Structures are given as structure tokens and as C-alpha cells.
Amino acid sequence: MQLLLNQTSPYARAARVTALEAGFGERLELVWSDPWDEAAQLLAANPANKVPVLITDEGVALGETLLICVYLHQLAGGVPLAAERLQLAGLGQGLIDAAFGTVIARKHGGAAQDESVLGARRLAAIERLLARLDESSTLDAEDLDFSHYLVAVGLDYLSFRLPEIDWSAHLVLVAFHQRLLARPSFATTAFQ
Ligand SMILES: N[C@@H](CCC(=O)N[C@@H](CS)C(=O)NCC(=O)O)C(=O)O
């Protein structure tokens, strides 16, 4: 299997953590790809020109992080996730979307993007998502799956790229973030 990724993509990190946690570390070839560089291999694999892309052993190129996570989970023999776990995965992906959207809008349009209608909606979404996630009872589960990895990656991406957003009052999230970051899969894939 190949994973097309870059080092700072929260989406790619969630897919890679899911692969590592599922035991596919040895089987996974990392193909570093910059979507902003019009990389030929990435464009061929994913016409949307986004990372991550997982190329299966059969040569099927899968785009979209959630679908890649589901594929890896199933390949590892994981049981279908209960609705509460899928809900958590959606909240985690929503956090990543809003945070990454904020970062990329600032990068291409400057800080004033935060004042735009869309920018303000993204920032408000981050606050609401943090509050909702802090109430989640599924975060303290011992049997982790990609829903947890998505949330932890979303939180770590906030710390990495949007440190001015202070979520330290969300004590459940702080403890969860620390617990997940201590795992080898997160240490190996740290943002840098
Ligand atoms: N919905 C996609 C989003 C992936 C995404 O936006 N990846 C970013 C990197 S963090 C990217 O490749 N951006 C390039 C672009 O938007 O052209 C997913 O869930 O995988």
C-alpha cells in the first residue's frame, strides 16, 4: 500500500495514524507529495489534487480521509463502528475542516479572511465543535478507533497552526489530547 501525504496535512496525519494503529506500518510506503506543486503522481492518483490518497495493494487510489480510514479499519478486521463513533468521526473531521479552512484562507488571502462571512463561520464552528466534543462520552474509551484519531489530530492541528485559539478550559479535551499524543503513532507523525 502507498500513502500520498505531506507532513503538515491534518487529513494525511489522521490517515497515517489510522494505518499505524491498524498495524500496517511495515506495509505502508509513504509517498511525500505536495498538492501545491502539481505533483504528477498525486494528480494521476487523485484529480482533486488533494492529500491524502491511499493506493491499495490492488492499485485502487482512494481519496478522502474518512473513506481511507474506513477502508483501513475494515482491512484490519475492525467491526463496523456504532453510530456514536461515526458521530465522533464527523465532529473530528468537522474540526479539521474548519481549522484547515481557516489556515489556508489566511495563507492565500491574509488575516482579513477571518473577518469575512465564511471566515467568521469557520471560527464559530471551531468554538462550537470544541464545546460539543468536550461533552462527548466516547472520548474516554479504551478501544480507540479512527474517530478518536481524527479528533486528536484536529486538536493537535489547532495547537500547531492556530495557537491563539485557547481551548485549555475544555478539560476533557486537554486530557484526551495528552493521552493520544503519548501514543507512538502520534509521536511518529508529529507536525513539524
Ligand atoms: N476532503 C478531503 C480534504 C483533503 C485536503 O484538503 N487536503 C489538503 C492538504 S491538508 C490538500 O491537499 N489541499 C490541496 C488543495 O486543496 O488543492 C479529505 O478529507 O481528505
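See above for the structure.
Because the structure is predicted, anything quoted here is derived from the model rather than measured.

Draft legend 1. Structural context of the site of the ligand. For the ligand, the set of nearby residues contains 13 residues, the closest of which are Lys 50, Val 51, Glu 64, Thr 65 and Gln 93. Compared with its free state, where it exposes 500 Å², the ligand has 86% of that area covered by protein. When residues of the shell around the ligand are traced back to their parent elements, those giving at least two are helix H1 (10–21) and helix H4 (83–109). Of the residues contributing to the shell around the ligand, the split by class is 7 nonpolar, 4 polar and 2 charged.

Draft legend 2. Quick look at the sheet that holds strand E1 (residues 2–5). Taken together, 4 strands build an open sheet; the order of strands is E2-E1-E3-E4 and the sheet is mixed. The open sheet is flanked by strand E2 (29–32) and strand E4 (61–63), the only strands paired with a single partner. Strand after strand, the sheet turns through a mean of 20° between neighbouring axes, direction not considered. Sheet topology places E1 next to strand E3 (residues 53–55); 3 bridges connect them, and they run antiparallel. The partner of Leu 4 across the bridge, within E3, is Val 53.

Calculation criteria
Sequence positions are assigned chain by chain, starting from 1 and proceeding in written order. Totals for whole chains, interfaces and linings use every residue, but because this is a predicted model, local features are given only for residues with pLDDT of at least 70 and side-chain atom pairs only at 80 or more, for both listing and counting. By convention in this description, side-chain values take in all heavy atoms of the structure and omit both hydrogens and water. One heavy atom within 4 Å of a molecule or strand makes the whole residue count as near it. Working definition of accessibility: Shrake-Rupley area with a 1.4 Å probe, residue cover restricted to the visible protein chains. Secondary structure is summarised from DSSP: a helix means a run of H or I of at least four residues, a strand means a run of E of at least two, and numbering begins at the N terminus for each. Gly counts as polar in this scheme, as do all residues outside two lists: the nonpolar Ala, Val, Leu, Ile, Met, Phe, Trp, Tyr, Cys and Pro, and the charged Asp, Glu, Lys and Arg. What makes two strands pair is DSSP finding at least two bridges between them. Here, axes are lines fitted to C-alpha atoms. For helices the fit covers the stretch in contact, and angles between N-to-C directions go from 0 to 180 degrees.

None of this, on its own, says anything about what the molecule does.
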